[in-house]
2 protein chains.
Amino acid sequence: MTVIFSKKCEYGLQAVLYLAAKDAGEVVSSDDIAKKLNIPKEFVSKILQSLTDSGLVNSKKGKAGGFLLAKHPANIRLLDVVAAIDGLEIFNSCVLGFPNCSPDHPCPLHEKWGALRTSAYNMLTEQTLDQLKEKTLNKIAHLEV
Amino acid sequence: MTVIFSKKCEYGLQAVLYLAAKDAGEVVSSDDIAKKLNIPKEFVSKILQSLTDSGLVNSKKGKAGGFLLAKHPANIRLLDVVAAIDGLEIFNSCVLGFPNCSPDHPCPLHEKWGALRTSAYNMLTEQTLDQLKEKTLNKIAHLEV
DNA sequence: CTTTAATCAGATAAAATAATCTGTTTATAA
DNA sequence: TTATAAACAGATTATTTTATCTGATTAAAG
């Protein structure tokens, strides 16, 4: 198989987009998130805990507790989430798996791939949770089974 | 972690590029390939066996046996190798892991990601093993440990 | 014809990723 | 103040991917 983001990262991105689509400050339980997004509750809970450690998400314990974004969604870029979960290695490693791939000793795809990779990086840097709110709401509205 | 191609696919691409950099018709053993590319012999052997089944590679059994490309390297696109090993699912599945991601019910990144994905697809379709021969030779020349 | 060196086939092992479970702590609300 | 519902912590399990092993078959070369 081929993957861009790990499952952890996909779920993490879905979850923070979901949080960003809620009203500011609203606390959402992992149970709610898991049900809405159709992903394992314990798993998404773990992921949000790690994003809490990373400072992107805040949590509230106890009854009526849950998660909420730690910053205004305009200040959270997709790249921040990816960096916190999967890391940025993908933007700095050879697409063909060659060692030492660099401008000095480029792999056969170095330039062509480099251009695509940069576009992807820029896109993830430009897009904030805020900017995607409308689209997220739309997608969520059609997640019913 | 984040990945574009599986290890299998990375090794497979490296191996066919290596074969394409050899003289036409030259038979190369998996042992040779493994040593040169610094990848596990049995693993690359398995991968080349599967590419043989896919019709991209031919094999020669017995002493002095090994592998060679089944077609002229100008007729093998990178996409063919990726398709044979990882499949093309990545070009047809949601980058955020949302179900049912389509123009009707797009995920928040549907358009932006779609553009990048198409660029990647086109690149892999345009690049043939032949076109990458010079660059492959250069890279291989600097693989020494 | 025998030795040797290769692919091939299938089983197995190891490592990484994904998912689940068990119990503890915490805070709300009845 | 007690019941409840949540995050949290850590261990465990399951699945997938990566890698290795064992033996069989094949073909070239001495």
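Just so you know, these numbers come straight off a predicted model, no measurement behind them.

### Overview of the overall build of chain A
Secondary structure summary: chain A contains six helices and two strands in total. Mapped in sequence order, the helices and strands of chain A form the string α-α-α-β-β-α-α-α. Each principal axis of the C-alpha atoms in chain A carries an extent, and together these give about 55 × 30 × 25 Å. Summing over all exposed atoms, chain A offers an accessible surface of approximately 7,200 Å²; the carbon and sulfur share of this is 50%. Averaging the coordinates of the 17 positive side-chain charges in chain A and doing the same for the 16 negative ones gives two points 5 Å apart.

### As for the protein's contact with DNA strand C
Around DNA strand C lies a shell of 24 residues, among which A:Lys7, A:Phe43, B:Ser30, B:Lys46 and B:Ser59 are the nearest. Near-protein atoms of DNA strand C (within 4 Å) split between backbone and bases, with sugar and phosphate holding 70%. A:Lys7 is positioned such that a nitrogen or oxygen atom in its backbone is 2.9 Å from a phosphate oxygen of DNA strand C. The separation between a base oxygen of DNA strand C and a polar side-chain atom of B:Lys46 is 3.0 Å. Residue composition of the surface near DNA strand C, grouped by class: five nonpolar, nine polar and 10 charged.

### Section: the pattern of salt bridges
All names here are of chain A. Scanning all chains against the criterion turns up 10 salt bridges over all chains. Across the salt bridge formed by Asp31 and Lys41, the nearest N and O atoms sit 3.9 Å from each other. Of this pair, Asp31 sits in helix α2 (residues 30-37) while Lys41 sits in helix α3 (residues 41-54), placing them 10 residues apart in sequence. Counted as one network, the salt bridges with shared partners bring together Asp31, Lys35 and Lys41.

### Observations concerning the relation of the copies chain B and chain A
Once turned by 180° and shifted 0.0 Å along the axis, chain B lies on chain A with an RMSD of 0.0 Å. Those values place the two copies in the arrangement expected of a two-fold rotation axis. Mapped onto chain A, 100% of the interface residues of chain B again fall at the interface, so both copies present the same surface.

### What about the packing of aromatic side chains?
All names here are of chain A. Tallied over the full model, the rule gives four aromatic pairs over all chains. Seen from their ring centres, Phe91 and Tyr121 are 5.2 Å apart, and the 80° between their planes marks the pair as edge-to-face. Here Phe91 is found in the loop between α4 (78-85) and α5 (110-126), whereas its partner Tyr121 is found in helix α5, with 30 residues between them in sequence. By relative accessible area, which is 32% here, Tyr121 ends up partly exposed.

### Considering α5(A)
With 17 residues, α5(A) should cover 24 Å at 1.5 Å per step; its first-to-last C-alpha distance of 24 Å lies within 8% of that length. Along α5(A), the positions that sit buried rather than exposed are A:His110, A:Trp113, A:Gly114, A:Leu116, A:Arg117, A:Ala120, A:Met123 and A:Leu124. In this structure, the buried side of α5(A) is in contact with α4 of chain A together with α5 (110-126) of chain B.

### Side note on the environment of A:Thr128
Residues and elements named next belong to chain A. Relative to the helices and strands, Thr128 is located in the loop between α5 and α6 (133-141). Given the relative accessible area of 10%, Thr128 is considered buried. Separated by 81 residues in sequence, Thr128 and Ile47 have C-alpha atoms that sit 19 Å apart. Excluding residues within four positions of it along the chain, Thr128 makes contact with Pro73, Ala74, Ile76 and Arg77.

Cut-offs applied
Residues numbered from 1 in each chain as written. Chains lettered and ligands numbered in written order. Predicted model: local features only at pLDDT ≥ 70, side-chain atom pairs only at ≥ 80, totals over all residues. Heavy atoms only, no water. Helix = DSSP H or I, 4+ residues; strand = E, 2+ residues; numbered from the N terminus. Areas by Shrake-Rupley, 256 points an atom, 1.4 Å probe, with all protein chains shown as cover. Lys, Arg positive; Asp, Glu negative; His and termini not counted. Charge placed at Lys NZ, Arg CZ, Asp CG, Glu CD. Near = heavy atom within 4 Å. Polar contact = N/O pair within 3.5 Å; in protein donor to acceptor, adjacent residues only side chain to side chain. Nonpolar A, V, L, I, M, F, W, Y, C, P; charged D, E, K, R; others polar. Salt bridge = Lys/Arg side-chain N within 4 Å of Asp/Glu carboxyl O. Least-squares fit on C-alpha atoms with pLDDT ≥ 70 in both. Contact = heavy atoms within 4.5 Å. Phe/Tyr/Trp six-rings, centres within 6.5 Å; stacked < 30°, edge-to-face > 60°. Buried < 20%, exposed > 50% of the residue type's maximum accessible area, 1.4 Å probe, protein only. Expected span 1.5 Å × (residues − 1).

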